[in-house]
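Remarks on the overall topology
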Number of protein chains: 4
Amino acid sequence: MHSPHTAKLRPAPPLEVDHWFNTPQALSWESLRGKVVALHAFQMLCPGCVAHGLPQATRMYEVFAKDPLAVVGLHTVFEHHDVMQPRAALAAFIHEYRLRFPIGIDRPDPSGGPVPLTMQALGLRGTPSLIVLDKRGRIRLHQFGRSDDLKVGALVGELLAEPDEDESADCDDQGCRLPEGISAGARP
Amino acid sequence: MHSPHTAKLRPAPPLEVDHWFNTPQALSWESLRGKVVALHAFQMLCPGCVAHGLPQATRMYEVFAKDPLAVVGLHTVFEHHDVMQPRAALAAFIHEYRLRFPIGIDRPDPSGGPVPLTMQALGLRGTPSLIVLDKRGRIRLHQFGRSDDLKVGALVGELLAEPDEDESADCDDQGCRLPEGISAGARP
Amino acid sequence: MHSPHTAKLRPAPPLEVDHWFNTPQALSWESLRGKVVALHAFQMLCPGCVAHGLPQATRMYEVFAKDPLAVVGLHTVFEHHDVMQPRAALAAFIHEYRLRFPIGIDRPDPSGGPVPLTMQALGLRGTPSLIVLDKRGRIRLHQFGRSDDLKVGALVGELLAEPDEDESADCDDQGCRLPEGISAGARP
Amino acid sequence: MHSPHTAKLRPAPPLEVDHWFNTPQALSWESLRGKVVALHAFQMLCPGCVAHGLPQATRMYEVFAKDPLAVVGLHTVFEHHDVMQPRAALAAFIHEYRLRFPIGIDRPDPSGGPVPLTMQALGLRGTPSLIVLDKRGRIRLHQFGRSDDLKVGALVGELLAEPDEDESADCDDQGCRLPEGISAGARP
């Protein structure tokens, strides 16, 4: 498949979210460990998000409902800041488009820049963007624009088939590492 | 075709619009006399408007560019009033969706009711709605929901083929009337 | 609209058909006088016909069911002659695709050329092609490739609104002619 | 994922094919060992095959071009036998629809029954059907009708991620077996 060599993979930077919809508590990558994660970054007024990105997110939410896969939306506004009134307008948008999966509002840059914090940290090029994380929280797909269902499905199938973190005990083709928090013995 | 008997047709009630986009001056039915008019009523957060109504409006604007047909959008908000901030958000929406035809904001009911004035006067059932007026400003189609391109096209073709008001001199199957403002002779 | 000036219009050349489906008796332009006619030329193995031309023919057949409009299919094979076994294969095709409108098999050129006779006479450039005739049997649209529903609908609406032959008594913008078979000459 | 427990999986029954297109030599499951196989069963005159099954086969052929995945078509006629003239008509169909992957003609039942041999052996319910085999030639999906791209993609991704036969040395959750041809017996 298309997966890059896993030895070089780095964990995703933290989610910086101001408000969550469709979830009783805030999400973090840590809370999603053990699941494959499909993060769909979008804007309400982005035609490609409405036509392609969000319908694909909804299809993934339905098709993989019984699998350890989490679909997460991220409203990441970098245009028309002043007119979006994010929270209330997004609540109406989510209601009208019947989006059921958790959706967070990307936190504005406190220094006043136009690009919100998670978008900055992930290095997104625009919306829609699809970021896929494996069960260990590492970025395995980082795509801007329309994503093909067969390709995305194949990556998801591959990642779902990977062993859970517990099973793998941090083994990869470089060797096996001790789990975090476990020391290998006394040091002088 | 589907046209009702024209003798009973009534003129459309006045457009009540607070602000216009994509036109240097306010539109009225009077200013559009002599043209067939396709009025597309929509809301930004209405999925059926974004998926069907507005793309059809854009197709009509392009296909009938050389014909005496005016495509007019009407943003007629009856839901989520508080979150829409109409003017600036609609400007961004129009920009992102590349809508080129004139679009007006339906005037809110001054008595505070949820349904704006033009929507009330036209008796619209919701959005998207398509209202088609003939060259004399009379309502010839009043449809809620998705409209079929072949049907809409056929009505437009029929109405475009009707004589202009001047040519017809107010003739219909009831007889011919003098044009307004012309007297038929001396009165005592 | 798109209609050419009607004074120069010529009648369509005769239909040359070997076998008809979905009709108890052979069709001719004469038998369709008084109706607008949409002639859809196609081949079974033509992808554009299956994807666009025939679905549009079916939509027209349904949308204009109550109007004086006839949808007619013409299977006009100019490729893969030897493998098509026209009549039986076409019967199966019509059955599987649930085509309900009359369909004729264009008559092969008796001189052995690859282009069948009606296709030759109409000067078709390929399939799918859409030919639209007015109520008087004159060609008003002659289009190769995909046809837009709004455009086709508008032409149909215009032609349906034209007076019937009887009403018009052969009048056009050049004047009125005597019906065929009636002489204006001196009588004894 | 959706994969059944692999211990009970059985190998696919042999392909019974009369003639192959788009391949210099006949295919068999044996010749495809080590590859995931997507077998698309279709008929030329089956609307669902033309609209959904074959376009999906083409997308799979393109999307997984660099992966060890083989897309195979099987023309499996159980209707309109007499009118299909399989070989020449199918050649024309393959040419017109620009199908590039190997396609075989399912062998007619020599006893004269309507269902050809591979279709019988696979127990297909109709067309389109999609059969997916893993790298070891075992059936992992057996679906009649339209298949969802995300679901199919996920299965393919999972199967591509499975170890090759050589690597696995016939190990499954029941234990490990010696490769074929290798005896465990005493040696002099």
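Refer to the structure above for everything that follows.
Overview of the structure. Computed from a predicted model, the values in this text were never measured in an experiment.

1. What about helix H3 (residues 86-96) of chain B?
- For H3(B), the full list of buried residues reads Ala89(B), Leu90(B), Ala92(B), Phe93(B), Ile94(B) and Glu96(B).
- Just downstream of H3(B) lies Arg98(B), where phi reads positive at about 55°.

2. Quick look at the pairing of strand S5 (residues 129-133) of chain B
All names here are of chain B.
- Counting buried positions along S5 gives 5 out of 5 residues, so the element sits mostly inside the fold.
- Neither face of S5 is left uncovered, since the one carrying Ser-129, Ile-131 and Leu-133 and the one carrying Leu-130 and Val-132 both have all their residues buried.
- In sequence, S5 turns back onto strand S6 (residues 139-144) through a hairpin of 5 residues, with Gly-137 there showing a positive phi of about 85°.

3. Brief notes about the interface of chain A and chain D
- Of the residues lining the interface, 18 residues belong to chain A; the matching set on chain D comes to 18 residues.
- Taken together, both faces of the contact between chain A and chain D bury some 1400 Å²; the carbon and sulfur share is 75%.
- Where chain A touches chain D, the interface holds 0 salt bridges.
- Those elements that place two or more of their residues in the side of chain A that touches chain D are helix H1 (47-63) and helix H5 (149-161) of chain A.
- In terms of residues, the side of chain A that touches chain D owes the most to one element, H5(A), which gives 10 residues.
- Its residues assigned to classes, the side of chain A that touches chain D shows 9 nonpolar, 3 polar and 6 charged.

4. A word on the state of the cysteines
Residue and element names in this part refer to chain B.
- Tallied over the entire structure, the rule returns 4 disulfides over all chains.
- One disulfide bridge connects Cys-46 with Cys-49, the sulfur atoms lying 2.4 Å from each other. Across the S-S bond linking Cys-46 and Cys-49, the dihedral sits near 80°, which makes this disulfide right-handed.
- Judged by its relative accessible area of 9%, Cys-46 falls in the buried class.
- According to the relative accessible area criterion, Cys-49 is buried, its value standing at 0%.

Reading the values: rules and limits
- Residues numbered from 1 in each chain as written.
- Chains lettered and ligands numbered in written order.
- Predicted model: local features only at pLDDT ≥ 70, side-chain atom pairs only at ≥ 80, totals over all residues.
- Heavy atoms only, no water.
- Buried < 20%, exposed > 50% of the residue type's maximum accessible area, 1.4 Å probe, protein only.
- Helix = DSSP H or I, 4+ residues; strand = E, 2+ residues; numbered from the N terminus.
- Pairing = 2+ DSSP bridges.
- Contact = heavy atoms within 4.5 Å.
- Buried area = accessible area lost by both parts, 1.4 Å probe.
- Salt bridge = Lys/Arg side-chain N within 4 Å of Asp/Glu carboxyl O.
- Nonpolar A, V, L, I, M, F, W, Y, C, P; charged D, E, K, R; others polar.
- Disulfide = S-S within 2.5 Å.

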